[in-house]
Amino acid sequence: MTLRYLAVRAGQGLVTLLLASVVVFAGVRALPGDPALALAGEEATPETVAAIRDRLGLDGSLVEQYLRFLGSALTGDLGESTRTGTPVTELIAATLPVTAWLSLYAIVVAVAAGMAAGTLAAVYRGRGVDAAVSGLSLVSLSVPNFWLGLLAILYLAVGLGLFPASGYVAVTEDPLRALWHLTLPALILGTGLAAIVMRQTRASMVDTLTADFVRTARAKGVSRGAVVLRHALRNSLLVVLTIVGLQLGGLVSGAVVTERIFGLPGFGKLTLDSVFTRDYPVIQGVVLVVTLAYIVINLAVDVLYSVVDPRVRVEGRSR
């Protein structure tokens, strides 16, 4: 990896972030409803509404509003919530860790389960295990998360009492209780990603297991387990990295429903509440943070490519 490549990717990330700020700024103002009128009430006088619009910075042209927003964002000031008056950075700092831990837990569950199931399906392809795992992955992709979440609460939380039905404990306060509270939401959130990882892992490993170098290794006496773990599974890691990087956005969007069902005070709940109340600063801050996360994650995935497989040269990918 070269500094030139990192500089190019950083520049691309800044351009992407700038374009995202323009899109979200214009998009939230295309939503029906007036936040000033919502705060003032239907019976408010025009003077009251005008005063609120002036306080919220909504009285100028769109260009003026955007330049004011961009200038503040560059200094780390994302404004204040029009609903509560709380700085947006404080709201994001309070809710983002919840979704981050939930998404990380769901990724670990999905990758572990998906790669294990995909490996079994590839090794025993064409047999009963392959058919069972493939059928289970199809079901996981087809069933919506909210239905699985409701069933999990009904049977695993309320019926058997294995997990709490709702609530959240910070990881910094009690790690074990935090994992206990996040286990059920993470399992539900990770089911779809696990199915995708399984299918891609199986396809990659089937191709690798039929390659010439694998047959050569087997002819030299290398055990079947060593071939699967050292050759086929390692090659499939590139596919898994790509899938995980691309599906993180799906986890964030899926977390909106999952957090609602399990009562988690996370990023998804903040996003949904801000959309319902036309809270422009919060929506803009949320989208910018998510976009920045995408940029960092994609760069991290490219770096991990060269770690997992030294043959992959980042310099070549930057062309």
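Residues numbered from 1 in each chain as written. Predicted model: local features only at pLDDT ≥ 70, side-chain atom pairs only at ≥ 80, totals over all residues. Heavy atoms only, no water.

**Overview of the overall build of the chain**
Okay, so step 1: A tally of helices and strands in the chain yields 13 helices and zero strands.
Okay, so step 2: Listed by position from the N terminus, the elements making up the chain come as α-α-α-α-α-α-α-α-α-α-α-α-α.
Okay, so step 3: Taking all 319 residues of the chain together, 38% fall into the buried category.
Okay, so step 4: Put simply, 73% of the contacts in the chain that link residues at least 6 apart link residues at least 24 apart.
Okay, so step 5: Of the roughly 17,000 Å² that the chain leaves accessible, carbon and sulfur atoms contribute 66%. (Helix = DSSP H or I, 4+ residues; strand = E, 2+ residues; numbered from the N terminus. Buried < 20%, exposed > 50% of the residue type's maximum accessible area, 1.4 Å probe, protein only. Contact = heavy atoms within 4.5 Å. Areas by Shrake-Rupley, 256 points an atom, 1.4 Å probe, with all protein chains shown as cover.)

**Some thoughts on the packing of helix α7 (residues 145–159) against helix α8 (residues 175–209)**
Okay, so step 1: Where α7 contacts α8, the two axes come as close as 10 Å, and the packing angle between them is 150°. In the packing of α7 onto α8, the handedness of the crossing is right-handed. Here N145, L148, G149, A152, I153, L156 and A157 of α7 come into contact with α8, specifically with L184, I188, L189 and T191.
Okay, so step 2: Broken down by class, the residue content of the contact of α7 with α8 amounts to eight nonpolar, three polar and no charged. (Axes fitted to C-alpha atoms, helices over the stretch in contact; angles between N-to-C directions. Left-handed = near helix turned anticlockwise from the far one by under 90°. Nonpolar A, V, L, I, M, F, W, Y, C, P; charged D, E, K, R; others polar.)

**Side note on the pattern of salt bridges**
Okay, so step 1: In this structure the tally under the stated criterion is three salt bridges.
Okay, so step 2: The salt bridge partner of D273 is R260, with a shortest N-O separation of 2.6 Å. Of the two residues, D273 sits in helix α11 (residues 267–276) while R260 sits in helix α10 (residues 224–262), which places them 13 residues apart along the sequence.
Okay, so step 3: The salt bridge involving K269 is made with D273; its shortest N-O contact spans 3.1 Å. Residue K269 and its partner D273 are both found in helix α11; the two are separated by four residues, about one turn of the helix.
Okay, so step 4: Among the residues examined, K269 registers a relative accessible area of 33% and is labelled partly exposed. (Salt bridge = Lys/Arg side-chain N within 4 Å of Asp/Glu carboxyl O.)

**Observations regarding the nonpolar core**
Okay, so step 1: Grouped together as the largest cluster of nonpolar side chains are 26 residues, with contacts concentrated most on L102, L193 and L251.
Okay, so step 2: At the level of elements, α5 (88–123), α7, α8 and α10 are the ones that each hand at least two residues to this core.
Okay, so step 3: Counting residues per element, this core draws most heavily on α8, which supplies eight residues.
Okay, so step 4: Beyond its immediate sequence surroundings of up to four residues, L102 is in contact with L182, P185, A186, L189, A255, E259 and L264.
Okay, so step 5: Within the second largest apolar cluster, 11 residues are counted, among which are F69, L78, V88 and V286. (Core = buried A, V, L, I, M, F, W, Y, C linked by side-chain atoms within 4.5 Å.)

**Regarding a nonpolar patch on the surface**
Okay, so step 1: Residues F146, W147, L150 and V257 make up a contiguous nonpolar surface patch of about 400 Å² in total accessible area.
Okay, so step 2: By residue number, the principal contributor to the nonpolar patch is α7, which donates three residues.
Okay, so step 3: Inspection of the secondary structure assignment puts W147 in helix α7.
Okay, so step 4: A residue is classified by how much of its surface remains accessible, and W147, at 45% relative accessible area, is partly exposed. (Patch = residues over 30% accessible without salt bridge, like charges linked within 9 Å, V, L, I, M, F, W, Y side chains within 5 Å.)

**Observations regarding a positive patch on the surface**
Okay, so step 1: A contiguous patch of positive charge on the surface is contributed by R125, R127, R218 and R224.
Okay, so step 2: Overall, R125 belongs to the partly exposed group, its relative accessible area being 36%. (Lys, Arg positive; Asp, Glu negative; His and termini not counted. Charge placed at Lys NZ, Arg CZ, Asp CG, Glu CD.)

**With respect to the side chain of T99**
Okay, so step 1: Here T99 shows up in helix α5.
Okay, so step 2: Only 2.6 Å separates the side chain of T99 from the backbone nitrogen of F267, close enough to count as a polar contact.
Okay, so step 3: Aside from chain neighbours lying at most four places away, what touches T99 is A255, E259, G266, F267 and G268. (Polar contact = N/O pair within 3.5 Å; in protein donor to acceptor, adjacent residues only side chain to side chain.)

**A short note on the environment of T242**
Okay, so step 1: With respect to the helices, strands and loops of the structure, T242 is situated in helix α10.
Okay, so step 2: Spatially, the C-alpha atoms of T242 and V301 are 7.1 Å apart, while their sequence positions differ by 59 residues.

**Focus: α7**
Okay, so step 1: Taking 1.5 Å per residue as the helical rise, α7 with its 15 residues ought to reach 21 Å, and the 19 Å between its terminal C-alpha atoms agrees with that figure.
Okay, so step 2: Considering bend angle alone, the principal kink of α7 is centred on I153 and spans about 30°.
Okay, so step 3: Within the span of α7, buried status applies to G149, A152, I153 and A157.
Okay, so step 4: Backbone geometry just downstream of α7 places G161 in the positive-phi region, at approximately 70°. (Expected span 1.5 Å × (residues − 1). Bend = angle between axes of the 7 residues up to and from the residue.)

**As for the packing of α5 against α11**
Okay, so step 1: Close contact between α5 and α11 brings their axes to 7 Å; oriented N to C, the two are set at 130°. On the basis of the axis angle, α5 is oblique to α11. Every residue of α11 that contacts α5 at L91, I92, T95, L96 and T99 is listed here: F267, G268 and L270.
Okay, so step 2: When the residues that make up the contact of α5 with α11 are grouped by side-chain class, the tally is five nonpolar, three polar and no charged. (Parallel < 35°, antiparallel > 145°, perpendicular 65-115°, else oblique.)

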